[in-house]
Amino acid sequence: MAILQKKNKREKGLEAINNHKGKRQVYETYKKQNPEMAEAYIDFHAKQPDATYIVWDKDKNRFTS
């Protein structure tokens, strides 16, 4: 069951990213430059799909809004 939830979470994050031109461009840049950051970007948007202005917190190694 946990695998299914994780897949749905990833799909939800990718849907939020792909439905917004700017988010999609940022995601593509992260994929090329830092794949780990790209995954964190997906996770963040899965939890908060309507977030607009987000930043990378270097101390906590995660995105925040």
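Shown above is the structure to which this text applies.
Residues numbered from 1 in each chain as written. Predicted model: local features only at pLDDT ≥ 70, side-chain atom pairs only at ≥ 80, totals over all residues. Heavy atoms only, no water.

1. Quick look at helix α3 (residues 35-47)
Part 1 of the argument: With 13 residues, α3 should cover 18 Å at 1.5 Å per step; its first-to-last C-alpha distance of 19 Å lies within 8% of that length.
Part 2 of the argument: Buried residues of α3: Met37, Ala38, Tyr41, Ile42, Phe44, His45 and Ala46, and no others. (Helix = DSSP H or I, 4+ residues; strand = E, 2+ residues; numbered from the N terminus. Expected span 1.5 Å × (residues − 1). Buried < 20%, exposed > 50% of the residue type's maximum accessible area, 1.4 Å probe, protein only.)

2. Overview of the side chain of Lys23
Part 1 of the argument: Positionally, Lys23 belongs in helix α2 (residues 21-33).
Part 2 of the argument: Buried charge Lys23 goes without a salt bridge, the closest partner of opposite sign being Asp50 at 6.1 Å.
Part 3 of the argument: Within the structure, the side chain of Lys23 is placed 3.0 Å from the backbone oxygen of Pro49, a separation counted as a polar contact.
Part 4 of the argument: If we skip the residues at most four places from it in the chain, Lys23 touches Ala16, Ile17, Tyr41, His45, Pro49 and Ala51. (Lys, Arg positive; Asp, Glu negative; His and termini not counted. Salt bridge = Lys/Arg side-chain N within 4 Å of Asp/Glu carboxyl O. Polar contact = N/O pair within 3.5 Å; in protein donor to acceptor, adjacent residues only side chain to side chain. Contact = heavy atoms within 4.5 Å.)

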